[in-house]
Amino acid sequence: MSLLTVHDLRVSYGPTEIIHGIDLSVERGEVLTLIGLNGAGKSTLLKAIAGLLPSSGRVEFDGNDVSRWRGARINRAGLAYVPQVNGVFAGLTVADHLELARHFRADRRGLQDEILAWFPVLGERLGQDAQTLSGGQRKMLSFVMALSCEPTLVLLDEPTEGVAPVVRQQLVEALHQVTERASVLLVEQNLDTALAVGGRCLVVERGMIVESGQITELAASGVIESRLSV
Amino acid sequence: MSGVLATLLPVDSFSVVALVATFVLVALGLHFSFGLLGVVNMVHGEFILVGGYAAFQFQDWLGSPVWGMLIAPFVAAAVGALCEWTLLRRLYRRPLDTLMVTFGLSLLIRQGTQLRFSPNPRRVRDPIGGAGHLFGYNVPWWRLVIVVAAVVLVGAWLLLDRTSLGIRWRAAVVNPDLAESMGYSVSRARTALFAVGCGVAGLAGALLAPLNTLTPQYGLRFLVNSFLVVILGKPGSMKGLVIAAAVLGGSLGIMQFHMSTVSGQMIMLLIAVVAARLRPLVVARA
Ligand SMILES: Nc1ncnc2c1ncn2[C@@H]1O[C@H](COP(=O)(O)OP(=O)(O)OP(=O)(O)O)[C@@H](O)[C@H]1O
Ligand SMILES: [Mg+2]
C-alpha cells in the first residue's frame, strides 16, 4: 500500500476552485517531484495535504484516512511540511526553533544535532532572531525543523528557491540525505535540482496533473520544457 | 528622591502609582485576547465585571471577599474558555465579526448580571483597610496590594514568556500554520490564551472591586482605557503596554489632582492621540 494516497482532491479559496480534483500517490522510500508554472497550485496542493487548508476529496496517509484531520495531528502521524514562505517564527531565536521542533520528541536530540551538523552556519547563530536570517539560512532552518520529528514523509515546497548556487548545492546534498531517511513529495522549479534528486515527476497545470513519468524521461523528451514555456 | 518628586509634582504621588497599576491590571487581560489573538474584544469589560461580582458573591456567602478574589480568575477563565470554544474560535482573522460577537456577549453577560444581582450598587469590603506611611508617602494598604499584583502579574508573564510553554504560545500566535504543521494544536493554544486573558481580567475586577461601587456597568468604565493602553503600547507588546499605562495612567493621575476628573480624562485622551501620532517616529528612531 502507498504511504500517501490522494484521491480527487479539490481546494478552493472562497468561491474560486484552485485544485480541480487531483489524484496522486507516494510510495514508501520514493521521491515524487511536482513541477509547474507559477500559480499552477503546487503550494496549495501541499498545504491541503498537510492539513492546513480545508479541502474535499480523500487523503490517506500511512493507512489512515486523514482527510478531516488537523495539521497538528497529521504531523504527529509522521508527515513533515516545509513551506515555501513564512517558514520561521518572527521574534524567536534559532535555538527556540530547534527546541520547538523537538518538543514532542525529546528523545531525538541526537537526531536533530546530526541534521544540524549539515548546516554549520546555523549552529553559529543559535541566539539570532530567525526572522533576520538570510533566505538561504531560513531554508536550512526549516529543513532541520521538519526533519527533527523523524518523519516518514516530507513535503518540501521549493526548498532551494532563491538561494545562491553554493547553498543550493548544500541543500541538494541535504535532500539526498533526506531521501534516504524518508519518502519525499517535492515541489521544485529548478530542473537541474529536480534531475539531481531524480525519481518520478508530475507536471501540474492550472490545478490539474497533465503529465507524469520518470523525471529523466520527461526531461529528455522535452515535455517539461514545453510545459514550462508559456 | 521622594522630596524632589514632591517639589516637581505637587501631587499625591502614591495615588498616581496606584492609578498606573490599575491601568496595567485592567489592560493586561486585553493584551491576550486583543494584543496577541487579534480579537476586538468588546466583552473584556464583562470579565472584569464577572470578577467583581464573584468577589461580592463570596463575601455574601462566606463573609469575606478574599475567597472570591482567589476564585474570581478561575470563574472568569472558565466563562472565557466557553465563549472562545463555542463562538470565537471560528472568527480569528475576522476582526469585525469578533467585534460583533463579543459585543453581543457583553450585553448578555451584563443583562445576566443585572438579573442575578439587580441594578442596585453593591459594595465589596476592603479586606485589609487602613493606610500607612511608606517612604514618606501616605499609602492605603489595599492600593499597595493593587500595585504589587500588577508588578507580580507582569513579572510572571515575562518569566512565562521565556519558558517552553511561552515559546509555544508565541509560535502559535505569530505563525499559526507553521506551528500547526509542527504538531502544535493552535486551536488549543488560542483557547488557553483567551482563557488566561479572561482570568487576568477577572482577577483585576475582583481586586479593584473594593475601590469602586459594583453595578452591571462596572466593567464598561475600564473598557476604553484598556483599549487605549493596548493600542498605544502596540498590540502584542507587554513592554509597550506597561509604558502606555504609565503615560496614560500617570497623566490622568496628575491631571486629576489639579482639575476635575472629566477634564483630566479629556487631557489624557489628547495625550493618547498625540502619543499615537508620535509613536512611529519614536520607534523608528529607537
Ligand atoms: N490565500 C489565497 N487566497 C486566494 N487565492 C490564493 C491564495 N493563495 C494562493 N492563491 C491563488 O491560488 C493559485 C495557486 O497558488 P499557489 O501558491 O498554489 O501556486 P504555486 O504553483 O505554488 O506557484 P509558485 O510557483 O509561484 O509558488 C494562484 O492563482 C494564487 O493566486
Ligand atoms: Mg508555490
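As a reminder, the structure under discussion sits directly above these lines.
Residues numbered from 1 in each chain as written. Chains lettered and ligands numbered in written order. Predicted model: local features only at pLDDT ≥ 70, side-chain atom pairs only at ≥ 80, totals over all residues. Heavy atoms only, no water.

Engineer: What am I meant to see in the overall build of chain B here?
Structural biologist: What chain B contains, in helices and strands, is 12 helices and four strands. Radius of gyration (C-alpha) of chain B: 19 Å, near the 19 Å computed for a compact globule of 286 residues. Across its three principal axes, chain B shows a C-alpha extent of roughly 60 × 55 × 35 Å. For chain B, buried positions account for 50% of its 286 residues. Sequence separation of 24 or more characterises 75% of the internal contacts of chain B that already satisfy a separation of 6 or more. Of the roughly 13,400 Å² of accessible surface on chain B, a fraction of 70% belongs to carbon and sulfur atoms. Side-chain charges of chain B comprise 21 positive and 9 negative groups, with the mean position of each set lying 4 Å from the other. (Helix = DSSP H or I, 4+ residues; strand = E, 2+ residues; numbered from the N terminus. Rg over C-alpha atoms; globule rule 2.2 N^0.38 Å. Buried < 20%, exposed > 50% of the residue type's maximum accessible area, 1.4 Å probe, protein only. Contact = heavy atoms within 4.5 Å. Areas by Shrake-Rupley, 256 points an atom, 1.4 Å probe, with all protein chains shown as cover. Lys, Arg positive; Asp, Glu negative; His and termini not counted. Charge placed at Lys NZ, Arg CZ, Asp CG, Glu CD.)

Engineer: It is not clear to me how the nonpolar core should be interpreted in this structure. Could you clarify?
Structural biologist: One broad rule of soluble globular proteins: the nonpolar side chains tend to lie buried together. Ranked by size, the top nonpolar core spans 121 residues in total, and within it Phe119, Leu141 and Phe143 of chain A carry the most contacts. No other element matches helix α2 (residues 13-36) of chain B, which puts 14 residues into this core. When sequence neighbours within four positions are dropped, the list of residues in contact with Phe143 of chain A reads Phe119, Leu156, Pro159, Leu171, Ala174, Leu175 and Val178 of chain A. (Core = buried A, V, L, I, M, F, W, Y, C linked by side-chain atoms within 4.5 Å.)

Engineer: Looking at this structure, I do not really get the site of ligand 1. What am I missing?
Structural biologist: All names here are of chain A. Close contacts around ligand 1 come from 13 residues, with Gly39, Gly41, Lys42, Ser43 and Thr44 the closest. Within the side chain of Ser43, a nitrogen or oxygen atom sits 2.7 Å from an oxygen atom of ligand 1. Gln189 is positioned such that a nitrogen or oxygen atom in its side chain is 3.2 Å from an oxygen atom of ligand 1. Protein coverage of the free-state accessible area of ligand 1, which is 640 Å², stands at 58%. With three residues, the top contributor of residues to the shell around ligand 1 is helix α1 (residues 42-49). For the shell around ligand 1, the per-class residue count stands at four nonpolar, seven polar and two charged. (Near = heavy atom within 4 Å. Polar contact = N/O pair within 3.5 Å; in protein donor to acceptor, adjacent residues only side chain to side chain. Nonpolar A, V, L, I, M, F, W, Y, C, P; charged D, E, K, R; others polar.)

Engineer: What is the right way to look at the environment of Leu88 of chain B in this model?
Structural biologist: Residue and element names in this part refer to chain B. Turning to its location among the elements, Leu88 is positioned in the loop between α4 (65-86) and α5 (95-117). Considered as a pair, Leu88 and Val101 are 13 residues apart in the sequence and their alpha carbons are 7.7 Å apart. Non-local contacts of Leu88, meaning those with residues more than four positions away in its chain, are made with Val39, Cys83, Val101, Thr102 and Phe194.

Engineer: Mind showing me how you'd approach the side chain of Lys139 of chain A here?
Structural biologist: Residues and elements named next belong to chain A. Its place among the elements puts Lys139 in helix α6 (residues 135-147). We note that Lys139 is buried and unpaired, the nearest opposite charge coming from Glu161 at a distance of 4.0 Å. Not counting chain neighbours up to four residues away, the residues in contact with Lys139 comprise Gln84, Asp157, Glu158, Pro159, Glu161, Val163 and Leu171. (Salt bridge = Lys/Arg side-chain N within 4 Å of Asp/Glu carboxyl O.)

Engineer: Looking at this model, I keep getting lost on the interface of chain B and chain A. Mind explaining?
Structural biologist: By a widespread convention, an interface's size corresponds to the accessible area lost as its parts come together. Of the residues lining the interface, 17 residues belong to chain B; the matching set on chain A comes to 24 residues. Both faces considered, chain B and chain A share a buried interface measuring about 1,800 Å² in area, 62% of it formed by carbon and sulfur atoms. Between the two partners, chain B and chain A, sit zero salt bridges. Where chain B packs against chain A, one counts eight residue pairs in polar contact (both at pLDDT 80 or more). Secondary-structure elements contributing two or more residues to the side of chain B that touches chain A are α7 (164-174) and α8 (176-181) of chain B. (Buried area = accessible area lost by both parts, 1.4 Å probe.)

Engineer: Looking at this model, I keep getting lost on the pairing of strand β8 (residues 183-187) of chain A. Mind explaining?
Structural biologist: On a regular strand, one side chain projects to one face of the sheet and the next to the other, so that they alternate. All names here are of chain A. The buried fraction of β8 is high, at five of five residues. Side chains Ser183, Leu185 and Val187 project from β8 onto one buried face, and the interleaved Val184 and Leu186 project onto a second face that is buried too. When strand β7 (residues 153-157) meets β8, the two strands line up parallel, connected through five bridges. Counterpart to Val154 in the pairing with β8 is Val184. Where the polypeptide runs from β7 across helix α7 (residues 165-181) and back to β8, its parallel neighbour, the crossover connection is right-handed. (Pairing = 2+ DSSP bridges. Right-handed = clockwise from strand over helix to strand, strands pointing away.)

Engineer: Hey, could you run me through the coordination of the magnesium ion (ligand 2) in this one?
Structural biologist: Ideal coordination angles are 109.5 degrees for a metal with four donors arranged tetrahedrally and 90 or 180 degrees for a metal with six donors arranged octahedrally. Residues and elements named next belong to chain A. The protein atoms donating to the magnesium ion (ligand 2) are Ser43 (OG) and Gln84 (OE1), with metal-donor distances spanning 1.9 to 2.1 Å. Separated by 41 residues along the polypeptide, Ser43 in helix α1 and Gln84 in the loop between β6 (79-82) and α3 (94-101) bring together distant segments of the chain. Gln84 gets classed as partly exposed once you look at its relative accessible area, which sits at 23%. (Donors = N, O, S within 2.8 Å, 3.2 Å for Na, K, Ca; no water.)

Engineer: Explain the sheet that holds β7 of chain A to me, please; I cannot follow it from the model alone.
Structural biologist: Residue and element names in this part refer to chain A. If you trace the six strands from one edge of the open sheet to the other, you get β6-β7-β8-β3-β9-β10, paired in mixed fashion. The outermost strands of the open sheet, each flanked by one partner alone, are β6 and β10 (208-214). Each strand of the sheet is rotated relative to its neighbour by a mean of 15 degrees, with strand direction disregarded. Packing against the sheet, α7 makes contact with β3 (31-36), β7 and β8, and its axis sits at approximately 140 degrees to β8. (Axes fitted to C-alpha atoms, helices over the stretch in contact; angles between N-to-C directions.)

Engineer: How should the pattern of salt bridges be read in this particular structure?
Structural biologist: Opposite charge on two side chains makes pairing possible when the charged atoms of those side chains draw close. Residues and elements named next belong to chain A. On inspection of all chains with the given rule, the structure shows 14 salt bridges over all chains. Close ionic contact of Glu60 with Arg58 constitutes a salt bridge, the shortest N to O distance being 2.8 Å. Since its relative accessible area comes to 23%, Glu60 is described here as partly exposed. Classification of Arg58 as partly exposed rests on a relative accessible area of 37%. Bridged by salt links that share partners, the residues Asp8, Arg10 and Glu17 form one connected network.

Engineer: Looking at this structure, I do not really get a nonpolar patch on the surface. What am I missing?
Structural biologist: Residues and elements named next belong to chain B. The grouping of Trp61, Leu62, Val66, Trp67, Leu70, Ile71 and Val75 at the surface amounts to a nonpolar patch, some 680 Å² of accessible area in total. Looking at the nonpolar patch, the elements with two or more residues in it are α3 (44-62) and α4. Per element, the largest residue contribution to the nonpolar patch is five residues, and it comes from α4. (Patch = residues over 30% accessible without salt bridge, like charges linked within 9 Å, V, L, I, M, F, W, Y side chains within 5 Å.)

Engineer: Before we go on, may I ask you to explain unusual backbone geometry in this structure?
Structural biologist: Residues apart from glycine generally show negative phi values, whereas peptide bonds are mostly found in trans. Residues and elements named next belong to chain B. Located in the positive-phi region is Arg93, a residue other than glycine, with phi close to 70 degrees. Mapped onto the fold, Arg93 is located in the loop between α4 and α5. By relative accessible area, Arg93 is classed as exposed at 64%. In this model, Lys234 sits at a positive phi of 80 degrees, which is unusual for a non-glycine residue. Its location among the elements puts Lys234 in the loop between α10 (220-232) and α11 (238-258). The class of Lys234 is partly exposed, set by a relative accessible area of 48%.

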